[in-house]
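Coordinates in review
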Amino acid sequence: MIPSRPIIFLFILSVLLCSHSSNAQDVTELFFVNSTGPSNQDGPFSEEFNLSISDRIKKARNNLEDESSSIEAKLYATNLLKSAAQENSTDAMLLLANIMFFGIYSFEPDFQMAHTYYDHLQKTNGSVVGNLMLGFYHSVSYYNTVSYDPALSRLYWEAAAKQGSLDAHQFLAYHHFTGMHTERSYLLAAKHYKLIADDLTKEGPKSLLASSRYLWPEILDYNSAGDDGTGVYGPASAYAFSPVSRAFQSIRHYYREILNPPEEWDLGILFEVGKLRLHGMYSFQRNHTLAEAIFAKVFRGLSSLSESSVHVTSENVVDLVSKSAGYIGLAQVFGDSKRENVKNATHWLKRGIFHNDSNSLYGMGYLFYHGLLNESERDVEKGLSYMKKAADMKNGYALTFLGVLSMEYEDFDSAVHYLTLANKENVLLASKLLADCYFNGIGTPVSKRKAALLYKEFVEAVRSSSSTMNLAMREADYDCSENSLMYYLYSAQMGYSIAETNAAYLVDGNKYLINSLKRYLYPEISGEESLSDDFAYEFYARAAAQGDADAILKLGDYFYYGIGVQKDYEKAYKYYEIASEKGGATGMALWNMAYMHEYGRGRERDTHIAKRYLDELSVNQIAYIPFRLIISLVFLHRFYLKCLSFLRLR
């Protein structure tokens, strides 16, 4: 016979599950507290509820971390945690709060419930995580979970920062940098960013020169706005012209290529995919062993063939051969490859040097300088000779190495010179070291603004993989826009412009032209629409201030149609003009500026200027069809004006 307690447990559990399914609520709500604090309701009967708090938490963790655990087992684990939380266990409160906020262990996020636990946690022991998360909740105006209070959120963050939270320092740094709800202070911003940057680089610059994390930083592909993540304006977005978008295109081409026979593969596309495997991105994980195999395929596929007999769409054959060899050598010296071998790396680096590849020169210089080829023989002069040759070719790694070396020898002018050049080559570590120079006035006048800007660039790049943007992407993949918005907001408050743009886009009720035209013709809106407009405008404006071209263009639209702001054609034109200088956004901006000149909106009517902008637009292949359409409309409009003039009706 089955013992009575398990029968009672199964009965209660089945009733609860049935009740849940009938009300279409999240199953986790069954075992969590209401807004007044931890519930006093009894959990299912079990001897395990008589265990010590630490044993209950351990048992719960084991059930939650076991991938084979059923839903019932996980619910039971949360109930164990709840019983411990009722006895003021801060460990249980923290785990429950994190489960609810981050949606870990396959639970659906519940931000209201998470706030309840974070609040109780903070009141119980002043927890650093409690301070951090309550600060975030009070900084967000869109949700009604708690009152919007930027001053209070700053107090919580300052407390968390004193307790050592890097997230809190990043929140404060960005708000001081932009002057958001506080006085702008580049000094305070730089101090907060510097503290984070120093923590991330405590191994020292020489050690970090050999770190793949800084050689090949992650590509930030945390965009879900637009159809298939193409950007706010879809394929016409500036984002569609960005390096990240080009990376996506390479991946798509790659998946198509591998369906063809190997002899028909485009080796140029394979080469680009190999580089992506070195860096890694959210949708294409880093794998240095696989990157090596891809580069080896490219090298061998091109080495024995003439340029006219191989299918390549990117760089010329010699460049691809030399760079492939160089990347293999560097991956075997610095990467996480399973084939890591200095002797084998030297073989590949020599091949790259034969074709004058700068990465190969840098790798060989590093090996000679540190005596890695022969532990008993370190050839510094030969190593520096290779380094200088690579630096003359504007190799960012070599420039950074020489900058670090110059700092050691207290040749600060040379250090700043090398690091400035390396920063222009987008070497991540160089931005941090150059920021140190500006912050302390080493080899250059003190500039807290430049220091803060460089620290910000470094910190955001290094910490992106640990941000909530990957969670935002996860929720976007599941079409959970509300959850995705919350995670984007968390990263937006830390200063990530891509998160600001995506947060605005998710709330934007004017994503399509038809929405904007409707608003233009029928300006009366509801209170909810007004709130969404204000929120979207705020975050587009924040991203625009950081140089996001799509956000700048969006501000132009908002002022043109009067969305979230008073209609102002002059300001709309100003934002379109700024966007027209931002590369990929040029097409749509020129289109809008031409229209405003053609019809005299915010500008003097001038069809000649309109035609000039359209001529500039004609070189954009993506805009060819709409360009031909608008050219036809322009000529029809001119014909109409001439007819009116002829009939003396104008």
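Just so it is clear, the model here is predicted, and its values are computed rather than measured.

Looking now at the overall build of the protein. In terms of helices and strands, the protein carries 32 helices and zero strands. Long-range contacts, defined here as pairs at least 24 residues apart, represent 58% of the contacts in the protein between residues at least 6 apart. By element, 53% of the accessible surface of the protein is carried by carbon and sulfur atoms, the whole surface being about 30900 Å².

The next point concerns unusual backbone geometry. Even without a glycine there, the phi angle at Lys 394 is positive, about 65°. Examined against the element boundaries, Lys 394 turns out to sit in the loop between α18 (380-392) and α19 (396-408). Its relative accessible area of 59% is what places Lys 394 among the exposed residues. The backbone of Asp 479 shows a phi angle near 60°, a positive value even though the residue is not glycine. By secondary structure assignment, the location of Asp 479 is in the loop between α23 (469-477) and α24 (481-493). Look at Asp 479 and you get exposed, because its relative accessible area is 71%.

Mapped onto the elements of the fold, Ser 83 is located in helix α3 (residues 71-86). You can call Ser 83 buried: its relative accessible area is 10%. A distance of 2.6 Å separates a polar atom in the side chain of Ser 83 from the backbone oxygen of Leu 80. When neighbours within four sequence positions are excluded, Ser 83 is seen to be in contact with Phe 49 and Arg 56.

What follows covers the packing of aromatic side chains. Scanning the model with the defined rule gives 36 aromatic pairs in all. An angle of 45° between the planes, with centres 5.7 Å apart, marks the rings of Tyr 362 and Tyr 397 as tilted. Linking Tyr 362 in helix α17 (residues 358-369) with Tyr 397 in helix α19, this pair joins segments that are 35 residues apart in sequence. Of the two residues, Tyr 362 and Tyr 397, neither departs from the other in class, the shared state being buried. When the ring of Phe 439 is compared with that of Tyr 455, the centres are 6.3 Å apart and the planes differ by 65°; the resulting orientation is edge-to-face. Here Phe 439, found in helix α21 (residues 428-440), pairs with Tyr 455, found in helix α22 (residues 448-463); they are 16 residues apart in sequence, far enough to count as distant. Comparing Phe 439 with Tyr 455 shows no difference in burial state: the two are buried.

On to a nonpolar patch on the surface. Where nonpolar side chains cluster on the molecular surface, the patch consists of Tyr 255, Ile 258 and Leu 259 and spans about 330 Å² of accessible area. Within the fold, Leu 259 resides in the loop between α12 (243-257) and α13 (267-279).

Bringing helix α31 (residues 607-617) into the picture now. Taken residue by residue, α31 has Thr 607, Ala 610, Tyr 613, Leu 614 and Leu 617 as its buried positions. Considered in projection along α31, the buried side chains sweep an arc of 120° and stay on one side of the axis. N-capping of α31 is provided by Asp 606, with a side-chain oxygen placed 3.0 Å from the backbone N of His 608.

Per the stated rule, a full pass over the model turns up 15 salt bridges. The shortest N-O distance in the salt bridge between Arg 56 and Glu 87 comes to 3.0 Å. Taken together, the positions of Arg 56 in helix α2 (residues 53-65) and Glu 87 in the loop between α3 and α4 (90-102) put the pair 31 residues apart, joining distant regions of the chain. By relative accessible area, Arg 56 is classed as buried at 4%. For the salt bridge of Lys 456 with Glu 460, the shortest nitrogen-to-oxygen distance reads 2.8 Å. Here Lys 456 and its partner Glu 460 are both found in helix α22, four residues apart, which amounts to about one turn of the helix.

With 84% of its residues at a pLDDT of 70 or more, the protein shows a mean pLDDT of 84. Predicted confidence for residues 1-45 stays below pLDDT 50, and this span has 51 contacts to residues more than four positions away or in other chains.

A separate point is α4. Between the first and last C-alpha of α4 there are 18 Å, a value that for 13 residues agrees with the 18 Å anticipated at 1.5 Å per step. Every buried residue belonging to α4 is among Ala 92, Met 93, Leu 95, Leu 96, Ala 97, Asn 98, Ile 99, Met 100 and Phe 101, and all of these are buried. Each element contacted by the buried residues of α4 is listed here: α2, α3, α5 (111-125), α6 (128-139) and α24. Gly 103, located one to two residues past α4, shows a positive phi value of around 65°.

Residue position: Leu 617 is located in helix α31. With a relative accessible area of 1%, Leu 617 lands in the buried category. For the pair Leu 617 and Gly 587, spaced 30 residues apart in sequence, the C-alpha separation works out to 5.8 Å.

As a further point, take the packing of helix α16 (residues 342-354) against α17. Between α16 and α17, whose axes approach to 8 Å, the crossing angle comes to 140°. When the interaxial angle is binned, α16 and α17 end up oblique. Two packed elements cross with a definite hand, and for α16 against α17 that hand is left-handed. Facing α16, whose interface residues are Val 342, Thr 346, Leu 349, Lys 350, Gly 352 and Ile 353, α17 presents Asn 359, Ser 360, Leu 361, Gly 363, Met 364 and Leu 367. The class makeup of the residues in the contact of α16 with α17 is six nonpolar, five polar and one charged.

In this structure, Ala 545 sits in helix α27 (residues 527-545). Along the chain, Ala 545 and Thr 178 lie 367 residues apart, while their C-alpha atoms are 8.8 Å from each other.

Our focus in this paragraph is the packing of α13 against helix α14 (residues 288-303). Running from N to C, α13 and α14 point in directions that differ by 155°, and their axes come no closer than 8 Å. In terms of their interaxial angle, α13 and α14 are classed as roughly antiparallel. Crossing handedness for the pair α13 and α14: left-handed. Counting all contacts with α13, which are made through Leu 267, Leu 270, Phe 271, Val 273, Gly 274, Lys 275, Arg 277 and Leu 278, the residues of α14 involved are His 288, Leu 290, Ala 291, Ile 294, Phe 295, Lys 297, Val 298, Gly 301 and Leu 302. When its residues are assigned to classes, the contact of α13 with α14 shows 11 nonpolar, three polar and three charged.

Cut-offs applied
Residues numbered from 1 in each chain as written. Predicted model: local features only at pLDDT ≥ 70, side-chain atom pairs only at ≥ 80, totals over all residues. Heavy atoms only, no water. Helix = DSSP H or I, 4+ residues; strand = E, 2+ residues; numbered from the N terminus. Contact = heavy atoms within 4.5 Å. Areas by Shrake-Rupley, 256 points an atom, 1.4 Å probe, with all protein chains shown as cover. Buried < 20%, exposed > 50% of the residue type's maximum accessible area, 1.4 Å probe, protein only. Polar contact = N/O pair within 3.5 Å; in protein donor to acceptor, adjacent residues only side chain to side chain. Phe/Tyr/Trp six-rings, centres within 6.5 Å; stacked < 30°, edge-to-face > 60°. Patch = residues over 30% accessible without salt bridge, like charges linked within 9 Å, V, L, I, M, F, W, Y side chains within 5 Å. Salt bridge = Lys/Arg side-chain N within 4 Å of Asp/Glu carboxyl O. Arc of directions from axis to C-beta. pLDDT = per-residue confidence, 0-100. Expected span 1.5 Å × (residues − 1). Axes fitted to C-alpha atoms, helices over the stretch in contact; angles between N-to-C directions. Parallel < 35°, antiparallel > 145°, perpendicular 65-115°, else oblique. Left-handed = near helix turned anticlockwise from the far one by under 90°. Nonpolar A, V, L, I, M, F, W, Y, C, P; charged D, E, K, R; others polar.

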